[in-house]
Amino acid sequence: DAKTTQPPSMDCAEGRAANLPCNHSTISGNEYVYWYRQIHSQGPQYIIHGLKNNETNEMASLIITEDRKSSTLILPHATLRDTAVYYCIRKNYGQNFVFGPGTRLSVLP
Amino acid sequence: NAGVTQTPKFQVLKTGQSMTLQCAQDMNHEYMSWYRQDPGMGLRLIHYSVGAGITDQGEVPNGYNVSRSTTEDFPLRLLSAAPSQTSVYFCASNIKGHREAFFGQGTRLTVV
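The paragraphs below set out a description of the structure included in this document. (Residues numbered from 1 in each chain as written. Chains lettered and ligands numbered in written order. Predicted model: local features only at pLDDT ≥ 70, side-chain atom pairs only at ≥ 80, totals over all residues. Heavy atoms only, no water.)

Within chain B, the regular secondary structure consists of zero helices and 11 strands. Reading the helices (α) and strands (β) of chain B from amino to carboxyl end gives β-β-β-β-β-β-β-β-β-β-β. Scaling as 2.2 N^0.38, a compact globule of 112 residues should have a C-alpha radius of gyration of about 13 Å, and chain B matches this with 13 Å. Its C-alpha atoms put chain B at 40 × 25 × 25 Å along the principal axes. Counting over 112 residues, chain B shows a buried share of 47%. Contacts spanning at least 24 positions in sequence make up 53% of the contacts within chain B whose residues lie at least 6 apart. When the accessible surface of chain B is summed, it comes to about 5200 Å², and 51% of that surface belongs to carbon and sulfur atoms. For chain B, the distance from the average site of its 9 positive side-chain charges to the average site of its 8 negative ones is 8 Å. (Helix = DSSP H or I, 4+ residues; strand = E, 2+ residues; numbered from the N terminus. Rg over C-alpha atoms; globule rule 2.2 N^0.38 Å. Buried < 20%, exposed > 50% of the residue type's maximum accessible area, 1.4 Å probe, protein only. Contact = heavy atoms within 4.5 Å. Areas by Shrake-Rupley, 256 points an atom, 1.4 Å probe, with all protein chains shown as cover. Lys, Arg positive; Asp, Glu negative; His and termini not counted. Charge placed at Lys NZ, Arg CZ, Asp CG, Glu CD.)

Structure follows, in structure tokens:
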């Protein structure tokens, strides 16, 4: 039970922002939202995580709604190298990461 | 800083053979875990450890054993390989708290 819902696939034009949605309507107060991606068959790569405030790092931005029931990962200027499967995971302290099927993002030239 | 290192990268086994997949991390992380990933699917947790001497089962533990004698190493043992264990195996480590996990590059195992 991945406990999050993501669209199975999305396309994005190169150079445009990629906005990947995630639904986690039953998230508890202490659970964080994590985003990972997996390029080809490599090991998952950490992108960003947050609790309730919006977060930004060198890779992406994470926007969490005020009620925390959903979030959006934003890749501001997608490149072909951003083509990957993106996983949204909710996790509490001491829990393990549970991966669902994720969203397959295709960045198109 | 090597991070999480898995060996071997590729392995072919015959049904019934045994082998150990190695995982080592040099970040002094307390938590380590093993996942398997079948084609077109997400990762599924096999076993995990919250510290040296402590291991526990994940979602799909049958057919696998683990031990954690040191903080750095977390080997995964297949006692009698079966074709259903053909998969890509990933090891991960993380520190306590609300922090990210670091993954190895995987071991691609084929059981014939």
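Residues Trp35, Leu73, Tyr86 and Leu105 of chain A are the most contacted members of the largest nonpolar core, which totals 20 residues. In this structure Leu73 of chain A touches Ala18, Asn19, Leu20, Trp35, Ile47, Ile48, Ala60, Ser61 and Tyr86 of chain A, once residues within four positions along its chain are discounted. In this structure, Leu13, Leu78, Ala81 and Leu109 of chain B belong to the second largest nonpolar core, which totals 19 residues. (Core = buried A, V, L, I, M, F, W, Y, C linked by side-chain atoms within 4.5 Å.)

Before going further, it helps to spend a moment on the pairing of strand 2 (residues 18-23) of chain A. All names here are of chain A. Side chains Ala18, Leu20 and Cys22 project from strand 2 onto a buried face, and the interleaved Asn19, Pro21 and Asn23 project onto a face without burial. Of the strand pairs in this sheet, strand 2 and strand 7 (residues 70-75) are connected by six bridges, and their pairing is antiparallel. Paired with Ala18 across the strands is Leu75, a residue of strand 7. (Pairing = 2+ DSSP bridges.)

Next up on the list: the sheet that holds strand 8 (residues 76-78) of chain B. Residue and element names in this part refer to chain B. One open sheet holds the four strands; their spatial order is 1-3-8-7, and the pairing between them is antiparallel. Because the sheet does not close on itself, it has two edges, and the strands there are strand 1 (4-7) and strand 7 (64-66). Within the sheet, the average angular offset between the axes of one strand and its neighbour, ignoring direction, is 20°. For strand 1 and strand 3 (residues 19-25), the ladder comprises four bridges, and the chain directions are antiparallel. Paired with Thr7 across the two strands is Gln22, which belongs to strand 3. (Axes fitted to C-alpha atoms, helices over the stretch in contact; angles between N-to-C directions.)

None of the figures reported here should be taken as evidence of function without further support.
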